[in-house]
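Descriptive analysis of the structure
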Amino acid sequence: MIQLEYLKEIMEQQIQSIASKEKGLLRDELAGLPEVQTFAVIVSGIRRCGKSTLLFQLLGEKYKDALYLNFDDPRLYGFDISDFMKLDILIKESGTRVLMFDEIQIIDGWERYVRQKLDENYQIFITGSNASLLSRELGTSLTGRHITKELFPFSYNEYCRFRGEERTAASLVSYLKEGGFPEYLKTGLDDILTSLLDDILVRDIAVRYNLKDVRTLQRLTLYLINNIGNRVTGNKLKQSFGISSATTILDYFAYLEQSYLLTFVPMFDYSIKKQNINPKKVYAVDTGLVEVSMPKFKKEDGHRLENLVFLSLRRMTKEVYYFANKGECDFVVQEKGSITKAVQVCYELNADNLDRELSGLQEAMKAFDLDHGTIVTLNQRDHFEQDGMWVDVVPAHEFIE
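In what follows, the accompanying structure is described.

**Here's the deal with the overall build of the chain**
Counting secondary structure elements, the chain contains 17 helices and 14 strands. Taking 401 residues into account, the globule formula puts the C-alpha radius of gyration at 21 Å, and the chain, at 23 Å, falls close to it. Reported as C-alpha extents along the three principal axes, the dimensions of the chain are approximately 70 × 50 × 40 Å. Of all 401 residues assigned to the chain, the portion counted as buried reaches 53%. Carbon and sulfur atoms make up 49% of the accessible area of the chain, which amounts to about 18,400 Å² in all. In the chain, 49 positive and 59 negative side-chain charges are present, and the distance between their average locations comes to 4 Å.

Shown next as structure tokens:
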């Protein structure tokens, strides 16, 4: 439990802290946040990708009298559901009709409180860094009363604005190595990203899901980060990590995905059951995180470029798959129930790989009756036409948003 005066003091200090901070680069997502009183607007994403900063920007740009409270504050670790009554008192004292809550999913029963405030016609903005907790709780008390927006580390467009650079092959290579976590870009300290990884694995996963073997979770995560773009299965990995059950591995996959650290992309199939059975390809939320986690002797530029292309597609939709039959196409994108895009990624097209890359892409195009496909490279430009199918080869700095 928290004393009323202490809660008020914490809120005031948090607001003072916000006022003293730079507002940072205005995020592209800021303009897209809806303004509705009957729905809670949820901003979800990985830790330290800028969710709190987005709320600060919203506070400064549109809602200067909003009440803000960050629940991921060590002084609020004793906050429980009964303390929402004290928060109500402070809300009434403030006279505001706009509420902003950072990481409120830490508090048990938070969704019932938010529903109550919506019923009282408050406008509410919430951030959260765990997709599972948010979706489970939103699916009960807040069914039909929320709009969820995802936030990622800086996109390539945002990175270029932050660095003051043009969209070129050189800036794309820099983005490939540095990624988009704001604090890392400001400091260049690898410790920013390594401590982020530790926080996610320990606080967001091990503690939350009561995992005792944290070491195995850490080893598995580093293995997956070092194998972005590759297919993985629970059965194969359980042997490598000495785990008796593939189900345990799949649980770890789910925790890593729910924390937004990794995404496991399924092979496209009209059967959901087959999608679940087939191997999945793994991608990281940020290539800078990959850079600091991967041994320096391991050069995987092709897979990291593939990861960047995935992130660009993922920002637009969750319906991203890979296609595999005789050959493989890195990505196919589904929109409104139909595959509308086929994208192949190759760091450098040459005589040794051209036929393989084209055949995998064209096989996917035929399967989904597409007359246009794309091969993304580092800096090459070309086009091919065969059997009524047109393939554009484009530089990554022109394709990636």
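This is not the end of the story, as more comes after the structure.
**Considering the side chain of Thr216**
Position of Thr216 among the secondary structure elements: in helix H10 (residues 214-225). The exposure class assigned to Thr216 is buried, which follows from its relative accessible area of 8%.

**Some points on the sheet that holds strand S5 (residues 146-150)**
The sheet built from five strands is open, its strands ordered S2-S3-S4-S1-S5 with parallel pairing. For this open sheet the edge positions go to strand S2 (67-70) and S5, each flanked by a neighbour on one side alone. Along the sheet, successive strands turn relative to each other by an average axial angle of 15°, direction set aside. Relative to strand S4 (residues 123-128), strand S1 (residues 40-44) runs parallel, the two being bridged by five bridges. By the bridge assignment for S4, Ile42 is matched with Ile126. Its contacts with the sheet put helix H4 (residues 110-119) on S1, strand S3 (98-102) and S4, and the angle it makes with S4 is roughly 160°.

**So, the nonpolar core**
Generally speaking, nonpolar side chains in soluble globular proteins are found buried as a group. Of all hydrophobic cores here, the largest spans 55 residues; its most connected members are Met100, Leu224, Leu261 and Leu262. For this core, the element with the highest residue contribution is helix H9 (residues 190-207), accounting for seven residues. Beyond its immediate chain neighbours, meaning those up to four positions away, Met100 contacts Leu55, Leu58, Leu59, Tyr63, Ala66, Leu67, Tyr68, Leu69 and Phe125. Within the second largest apolar cluster, 29 residues are counted, among which are Leu311, Val320, Ala324 and Val343.

**With respect to the packing of helix H1 (residues 4-20) against helix H3 (residues 84-94)**
It is at 10 Å that the axes of H1 and H3 come closest, and there the two elements cross at 55°. Relative to H3, H1 is oriented oblique. In this structure, H1 meets H3 at a crossing whose hand is right-handed. Seen from H1, the contacting residues are Leu4, Leu7, Lys8 and Met11; seen from H3, they are Lys86, Leu87, Ile89, Leu90 and Glu93.

**Structural notes on empty space enclosed by the protein**
Under the defined criterion, the tally for this structure stands at one cavity of 30 Å³ or more. For the lining of the largest cavity, the element with the most residues is helix H15 (residues 301-316), which contributes three residues. Considering only residue class, the lining of the largest cavity consists of six nonpolar, three polar and two charged.

**With respect to the sheet that holds strand S8 (residues 280-284)**
Strand pairing within a sheet occurs via backbone hydrogen bonds; the two strands may be parallel or antiparallel. Pairing is antiparallel across the open sheet formed by three strands, whose spatial order is S6-S8-S7. In this open sheet, the two strands that pair with only one neighbour each are strand S6 (231-232) and strand S7 (262-265). Relative to S8, S7 is paired through four bridges, and the arrangement is antiparallel. Following the sheet pairing, Thr263 is matched in S8 by Tyr283. Set on the sheet, helix H12 (residues 246-258) makes contact with S6 and S7; between it and S7 the angle comes to about 120°. Strands in contact with H15 are S7 and S8; relative to S8, the strand with the most contacts, it is inclined by about 90°.

**Digging into the packing of aromatic side chains**
Under the criterion given, the structure shown has 21 aromatic pairs. Centre to centre, the rings of Phe56 and Tyr68 are 5.6 Å apart; their planes meet at 70°, and the pair counts as edge-to-face. With Phe56 in helix H2 (residues 51-61) and Tyr68 in strand S2, this pair connects stretches of sequence that are twelve residues apart. When the centroid spacing of 5.6 Å and the interplanar angle of 55° are considered together, the rings of Phe154 and Phe162 count as tilted. Three or more aromatic residues joined by ring pairs form one cluster here, namely Phe71, Phe79, Phe84, Phe101 and Tyr113. The aromatic ring of Tyr122 is capped on one face by Arg97, whose charged end is 3.9 Å from the ring centroid. Its guanidinium or amino end placed over the ring of Tyr322, Lys281 lies 5.5 Å from that ring's centre, counting from NZ or CZ.

Conventions used here
- Residues numbered from 1 in each chain as written.
- Predicted model: local features only at pLDDT ≥ 70, side-chain atom pairs only at ≥ 80, totals over all residues.
- Heavy atoms only, no water.
- Helix = DSSP H or I, 4+ residues; strand = E, 2+ residues; numbered from the N terminus.
- Rg over C-alpha atoms; globule rule 2.2 N^0.38 Å.
- Buried < 20%, exposed > 50% of the residue type's maximum accessible area, 1.4 Å probe, protein only.
- Areas by Shrake-Rupley, 256 points an atom, 1.4 Å probe, with all protein chains shown as cover.
- Lys, Arg positive; Asp, Glu negative; His and termini not counted.
- Charge placed at Lys NZ, Arg CZ, Asp CG, Glu CD.
- Pairing = 2+ DSSP bridges.
- Axes fitted to C-alpha atoms, helices over the stretch in contact; angles between N-to-C directions.
- Contact = heavy atoms within 4.5 Å.
- Core = buried A, V, L, I, M, F, W, Y, C linked by side-chain atoms within 4.5 Å.
- Parallel < 35°, antiparallel > 145°, perpendicular 65-115°, else oblique.
- Left-handed = near helix turned anticlockwise from the far one by under 90°.
- 1 Å grid on protein atoms, 1.4 Å probe; cavity = no way out; pocket = protein on both sides within 12 Å on 5 of 7 lines; lining within 4 Å.
- Points joined across faces, edges and corners; volume = space filled by probe spheres on them.
- Nonpolar A, V, L, I, M, F, W, Y, C, P; charged D, E, K, R; others polar.
- Phe/Tyr/Trp six-rings, centres within 6.5 Å; stacked < 30°, edge-to-face > 60°.
- Lys NZ or Arg CZ within 6 Å of the ring centre and 35° of its normal.

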